[in-house]
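One letter stands for each residue in the lines below.
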Amino acid sequence: MAHIKSGEEVIKNSENQNIIDINNLKFNNANEEQLLKQTIDNVLLVSPYVCEQLTNNPIFIEDLLCTSDLFNAEKHLDYSNDIIKILSDPNSNGNVNKIIRRYRNQQMIRIAWRDIAGWASIDEILYDLSILAEAFVSETFEYLFQNFCNKHGYPINRKGQIQKIVILGMGKLGAWELNFSSDIDLIFFYEEDGYFNDKKNTSYYEFYTKLIQLFIRTIDNITEDGFVYRIDTRLRPFGESGPLVMNLDGMETYYQSQAREWERYAMVKARVIAGDYDAGNRFQSIITSFVYRRYLDYRAFGELRHLKKKITQELQRKDRIDNIKLGPGGIREIEFIGQAFQLIRGGREVELRERSIIKILETIGDKGYLPIDLVNKLINSYRFLRVVENRLQQYSDMQVHDLPIDNIQKNVLSSSLGYSEWSLFKEKINEVRQNVHEIFSLVIDSPQRLDDDLSIDWLEINKTGLIKKLNEIGYIDLDSSVNIYFEFLNSYSIRHITARGSIELNKLLPLILNAILYCGNQTETLERVLKLLESVAGRNVYFTLLSENPIALSQLIKLSSASSWIVNYISKYPLLLDELLDPRTLYSPLSLESLNVELNYTLTNIDLDDFEQFLTSLRMFKNTHVLRIAAADLIGVIPIMVVSDYLTWLAEVLIKCVLEQAWIYTKNKYGLPPNSDEFMIPGFAVIAYGKMGGIELGYSSDLDLVFLYDCSSESALTDGSHQISTAQFYARVVKRMITIFTTQILSGTLYEIDLRLRPSGNSGLLVCSIEAYEKYQMEQAWIWEQQALVRARFIAGDVSLGEKFNNVRLRSLCRQRDGIALRHEVRQMRNKMRENLEIKLENHFDLKQSNGGIADIEFIVQFSVLLNAHTFPSITQFTDVVRLLDCLSDIGYLSQKETQHLKDAFCLYREQSHRTSLLEKPAIVLNFEFQEISSRVQQIWQDKIGKF
């Protein structure tokens, strides 16, 4: 960039009239000539940047006067057309960087002149600057996109349309409030993934990434003509470590499940400024629920308070408290005041979803949330500070917010704003900032609670004092509650708590005691919550989290009251307490597709070569989503059948991920088997049996898995430096998978794996060829193994091998069978199972193993499929009990009444089993509770299979 003259140089030049020879300029009328002469000296004095540009490029002022653009308040309407025109000019010789920088500099001269001369209000100037930036982003990106597509082809969406990228303008650009030398914060995304039909099979992600990198260089790079804009992409998902561009599904998953709290503030002003506006609007509807919560979210005060404290500490560290943007009473404090009301109430009040801070402040005043006189003070202060900000940046086109320390700059700044001395200006700006900071403190700073509980030391309270307080609060069972409380105080972890932990726990305990009052099971809930606090006592950050976030504490109490299992689960993995902060995600488990997207992005943020980090990420992913499923289950958001669906989807996603990583690890170590593709997993399949196969997983279920492979020669060697046979290769993949699943680390195991259903059980090979598997199923498998096959399904690996498995399964299940022999074997197996597994308590019913329980229904279904599949092969297409029952009804083997009885019983049993699991109790109930239902199941058993 050209050297910027000092203020002193500008003054000398302006006095000598060496910069612009007014006599040689041509004016369209006398009025324009007079306006220029009245303002030129002041403009050149205030902005050495303008002076420098006109010295080097006198044609700029000539053009601005010739077109009258210097005096045109509506010039912003022409920006897009002007940029399109200069980009398409055949005489530009393709020098895009030069022509757009020259146009930018000319328009910045125009805007600075109008601002300094007082020809436009600060609101108009900020809007003008924003529209110019938006036009540059939109039209330059469109120009580069078309050129890029001419070379590489067009990305096409599923509708056959050209798919453009979406560009979000963030911060002041998004709110049409851009300052003179501002960075522009951008986020890029596209709607659908896809691939080009080229030799490299280039993905849309690669295409868009390269295009964005070219765009940033084109706009951001400094040349002899300067720059267009400094582009900042750090507000994108995952920040600097995240991908430069994402698809829409990835964006949705991130903001629904992984985005940090401060990103809500950033998204308040987000706006689509270029590209595919339809896709952008779809994103806006997604992001609205992330930014604006349905409830009154008072956490915003604490979060903004914390964020402001960090900013202030950083400024103090750098001795930059005279920063009019970030310092006390600065622009950011005004924005925080507006955002606090937006984030707290915007979920319910659409008027508060505006991007402009002035409009937001006006709405706050109109609604009476702040007195009008305070609102007017904030608005006037904001405009004053923005004018000062522009003057600071117009000096040398640099993004500065600190008041000057150089005497010449001080004099230039104060005189440009109408103050004869620096001291008078400093007095004014100090007054403005003091007013702003006082209002900020009033709105954002946390008032001291006047609750009497704060005067009590809850860790040193005696028995008499505790009884008195619990009685005042309204506790019913005082003796039990007092005993539980003192057992907690005397526990090792609480007796050895840190001083900081004591302070935070003292704040939290009265909140907990008051919150538990409204639970129907006060004593149980108190015991569960205090046990949880014991388990996290070494990390007092969790005490702070709960005491500062009433929403999180409320969710914890609610879940603790409903389930001891969920409390113990959180105790084992206390990082899950973060999930309680947002009920929107806590009670909203993700779909299979969304789980895939979220896991993929989780793994892009870690070093996959760090095995422990990889294991930890998988376990935390699983733990987080199990908690969400359990929470949604407990409050009745999802029915029992869907609970199992979610748990099964979660396991499927993790199995596919584990297989992929195990494959990569084994491939890197031994090379690939013959005829393999580096980017695929050929000739290998994971088959799920049992609850996983039947889409009926519970919270603590293990995974029944069988591994198959398919290759032309088992002895053929891999192509790596350390060669092994193909059969050994697949066995190593399985071993690696088992290691990933079962290795015990601080965040637990991923899943326990049960391989006993593979051919020949524990004595069989870890992985079996499809030919050997078929031979075993057709010639050696026991009836109970055929029953298990009814629930088996392909879940990961090579789809073509999955089809081969399906064919083997179909052939095996559809054999004609002797009904009498089948009934005998099924009864014999069921009796053996009942004898070994049933919980036998007088007057109690084992939901799983007692006569007429879950196992009987499963055996009825499996027997019925084996008996009828020869005649009706279609009944084998599903693996879950409910749909299999429907199939058996469709062929007339079960009556509609029998089918409905079995379905109702199965769902009721499983729902009760889930409930007992969440309460950490055995799955047994009193006989009378399910007597009628179990009797119906037993009758159907006898009708179809015979006596027990």
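Residues numbered from 1 in each chain as written. Predicted model: local features only at pLDDT ≥ 70, side-chain atom pairs only at ≥ 80, totals over all residues. Heavy atoms only, no water.

### A word on the overall build of the protein
Consideration 1: The helix and strand inventory of the protein stands at 40 helices and 12 strands.
Consideration 2: Relative to its full complement of 948 residues, the protein shows a buried share of 57%.
Consideration 3: Nonlocal contacts in the protein, meaning residues at least 24 apart in sequence, comprise 73% of its contacts between residues at least 6 apart.
Consideration 4: Accessible area for the protein stands at about 41,300 Å²; split by element, carbon and sulfur atoms hold 49% of it. (Helix = DSSP H or I, 4+ residues; strand = E, 2+ residues; numbered from the N terminus. Buried < 20%, exposed > 50% of the residue type's maximum accessible area, 1.4 Å probe, protein only. Contact = heavy atoms within 4.5 Å. Areas by Shrake-Rupley, 256 points an atom, 1.4 Å probe, with all protein chains shown as cover.)

### Observations concerning the nonpolar core
Consideration 1: Leu 533, Leu 618, Phe 684, Val 686, Leu 703, Leu 705 and Met 737 are the most contacted members of the largest nonpolar core, which has 114 residues in total.
Consideration 2: For this core, the element with the most residues is helix H30 (residues 640-670), which contributes 15 residues.
Consideration 3: With residues up to four places along the chain from it excluded, the contact list for Leu 703 reads Ala 651, Ile 655, Met 692, Leu 697, Phe 741, Tyr 751, Glu 752, Ile 753 and Asp 754.
Consideration 4: Leu 65, Leu 70, Ile 83 and Ile 231 belong to the second-largest nonpolar core, a separate cluster that totals 73 residues. (Core = buried A, V, L, I, M, F, W, Y, C linked by side-chain atoms within 4.5 Å.)

### Quick look at the packing of aromatic side chains
Consideration 1: Here the structure, examined in full by the defined rule, presents 41 aromatic pairs.
Consideration 2: Seen in terms of ring centroids, Tyr 485 and Phe 486 are 6.1 Å apart; in terms of plane orientation they differ by 85°. Their pairing is edge-to-face.
Consideration 3: With relative accessibility at 1%, the residue Tyr 485 sits in the buried group.
Consideration 4: With a centroid separation of 5.2 Å and 85° between ring planes, the pair formed by Tyr 646 and Trp 649 is classed as edge-to-face. Of this pair, Tyr 646 and Trp 649 both sit in helix H30, 3 residues apart, which is roughly one turn of the helix.
Consideration 5: We classify Tyr 646 as buried; its relative accessible area is 13%.
Consideration 6: By way of ring pairs, the aromatic residues Phe 145, Phe 148, Tyr 154, Tyr 190, Phe 196, Tyr 204, Phe 207 and Tyr 208 are connected into one cluster. (Phe/Tyr/Trp six-rings, centres within 6.5 Å; stacked < 30°, edge-to-face > 60°.)

### Let's talk about the pattern of salt bridges
Consideration 1: With the rule as written, the count across this model stands at 46 salt bridges.
Consideration 2: Linking Glu 33 and Lys 37 is a salt bridge whose minimum nitrogen-to-oxygen distance equals 3.0 Å. One end of the pair is Glu 33 and the other is Lys 37, both in helix H2 (residues 30-46) and 4 residues apart, which spans about a single turn.
Consideration 3: We classify Glu 33 as partly exposed; its relative accessible area is 28%.
Consideration 4: Across the pair Glu 224 and Lys 98 runs a salt bridge, and its minimum N-O distance is 3.5 Å. With Glu 224 in the loop between helix H9 (204-220) and strand E3 (231-232) and Lys 98 in helix H6 (residues 96-117), this residue pair connects regions lying 126 residues apart in the sequence.
Consideration 5: Here the salt bridges share partners, and the residues they tie into one network are Lys 172, Glu 177, Lys 269, Arg 332 and Glu 335. (Salt bridge = Lys/Arg side-chain N within 4 Å of Asp/Glu carboxyl O.)

### As for the packing of helix H29 (residues 611-634) against helix H32 (residues 726-742)
Consideration 1: At a closest axis distance of 9 Å, the pairing of H29 and H32 adopts a crossing angle of 65°. When H29 is examined against H32, the residues Phe 611, Phe 614, Leu 615, Leu 618 and Arg 619 are found in contact with a partner set consisting of Arg 736, Thr 739, Ile 740, Phe 741 and Thr 742.
Consideration 2: Its residues assigned to classes, the contact of H29 with H32 comprises 6 nonpolar, 2 polar and 2 charged. (Axes fitted to C-alpha atoms, helices over the stretch in contact; angles between N-to-C directions. Nonpolar A, V, L, I, M, F, W, Y, C, P; charged D, E, K, R; others polar.)

### Looking at helix H24 (residues 541-548)
Consideration 1: When we look at burial in H24, the residues that qualify are Tyr 542, Phe 543, Leu 545, Leu 546 and Ser 547.
Consideration 2: Lining the buried residues of H24 we find helix H22 (499-516), helix H23 (522-535) and helix H25 (550-562).

### Side note on unusual backbone geometry
Consideration 1: One non-glycine residue, Ser 68, lies in positive phi territory at about 65°.
Consideration 2: What makes Ser 68 buried here is its relative accessible area of 17%.

### Details of helix H4 (residues 59-66)
Consideration 1: Taken as a whole, H4 has its buried residues at Phe 60, Ile 61, Leu 64 and Leu 65. Taken down its axis, H4 places every buried residue within 125° of arc, on the same side.
Consideration 2: Elements that come into contact with the buried residues of H4 comprise H2, helix H3 (48-56) and H6.
Consideration 3: Directly beyond the C-terminal end of H4, a positive phi value near 65° is found at Ser 68. (Arc of directions from axis to C-beta.)

### Details of the side chain of Ser 571
Consideration 1: Its location among the elements puts Ser 571 in helix H26 (residues 564-572).
Consideration 2: Exposure remark for Ser 571: the relative accessible area of 15% places this residue in the buried category.
Consideration 3: Contact partners of Ser 571, with chain neighbours within four places excluded, come to Leu 532 and Ser 535.

### A short note on the packing of H23 against H25
Consideration 1: Viewed as axis vectors pointing N to C, H23 and H25 meet at an angle of 120°, and their least axial separation amounts to 8 Å. Put simply, H23 runs oblique to H25. By crossing handedness, the relation of H23 to H25 is classed as right-handed. Across the interface between the two elements, Thr 525, Arg 528, Val 529 and Leu 532 of H23 pack against Leu 556, Ile 557, Ser 560, Ser 561 and Ala 562 of H25.
Consideration 2: Residue composition of the contact of H23 with H25, by class: 5 nonpolar, 3 polar and 1 charged. (Parallel < 35°, antiparallel > 145°, perpendicular 65-115°, else oblique. Left-handed = near helix turned anticlockwise from the far one by under 90°.)

### Some details on the environment of Tyr 601
Consideration 1: Looking at the element boundaries, Tyr 601 is found in helix H28 (residues 592-604).
Consideration 2: Residues Tyr 601 and Ala 731, 130 residues apart in the sequence, show an inter-C-alpha distance of 29 Å.
Consideration 3: Excluding its chain neighbours within four sequence positions, the residues that come into contact with Tyr 601 are Phe 238, Pro 243, Met 246, Asn 247 and Gly 250.

### Considering the side chain of Asn 868
Consideration 1: If you trace the backbone, Asn 868 turns up in helix H37 (residues 854-868).
Consideration 2: Overall, the relative accessible area of 12% leaves Asn 868 in the buried class.
Consideration 3: Ignoring any residue separated from it by four or fewer positions in sequence, one finds Asn 868 in contact with Ile 875, Ile 891 and Tyr 893.

### Brief notes about the pairing of strand E1 (residues 166-169)
Consideration 1: Burial of E1 is two-sided: the residues Val 166 and Leu 168 facing one way and the residues Ile 167 and Gly 169 facing the other way are all buried.
Consideration 2: Inspection of the sheet shows E1 paired to strand E5 (residues 271-275) by 4 bridges, in the antiparallel sense. Bridging from a neighbouring strand, Gly 169 pairs with Arg 271 of E5. (Pairing = 2+ DSSP bridges.)

### As for the pairing of strand E6 (residues 684-689)
Consideration 1: Buried residues dominate E6, accounting for 6 of its 6 residues.
Consideration 2: The side-chain alternation of E6 yields two buried faces, one formed by Phe 684, Val 686 and Ala 688 and the other by Ala 685, Ile 687 and Tyr 689.
Consideration 3: Relative to strand E7 (residues 703-709), E6 is paired through 6 bridges, and the arrangement is antiparallel. Paired with Val 686 across the two strands is Phe 707, which belongs to E7.

### Re the environment of Gln 163
Consideration 1: With respect to the helices and strands, Gln 163 occurs in the loop between helix H7 (122-152) and E1.
Consideration 2: Given the relative accessible area of 2%, Gln 163 is considered buried.
Consideration 3: Distance from Gln 163 to Tyr 204, taken between C-alpha atoms, is 9.6 Å for residues 41 residues apart in sequence.
Consideration 4: For Gln 163, the contacting residues outside a window of four places in its chain are Phe 145, Pro 155, Ile 156, Asn 157, Tyr 190, Glu 191, Glu 192, Tyr 204 and Tyr 208.

### Side note on a nonpolar patch on the surface
Consideration 1: Together, Tyr 154, Ile 156 and Ile 162 line one region of the surface with nonpolar side chains, adding up to about 240 Å² of accessible area.
Consideration 2: If you trace the backbone, Ile 156 turns up in the loop between H7 and E1.
Consideration 3: Assessed through its relative accessible area of 34%, Ile 156 is described here as partly exposed. (Patch = residues over 30% accessible without salt bridge, like charges linked within 9 Å, V, L, I, M, F, W, Y side chains within 5 Å.)

### Some thoughts on the confidence of the model for the protein
Consideration 1: Looking at the protein as a whole, the pLDDT averages 88, with 93% of positions reaching at least 70.
Consideration 2: Low pLDDT (under 50) marks residues 1-18, which in the prediction has 36 contacts with non-local residues, meaning those over four places away or in another chain. (pLDDT = per-residue confidence, 0-100.)

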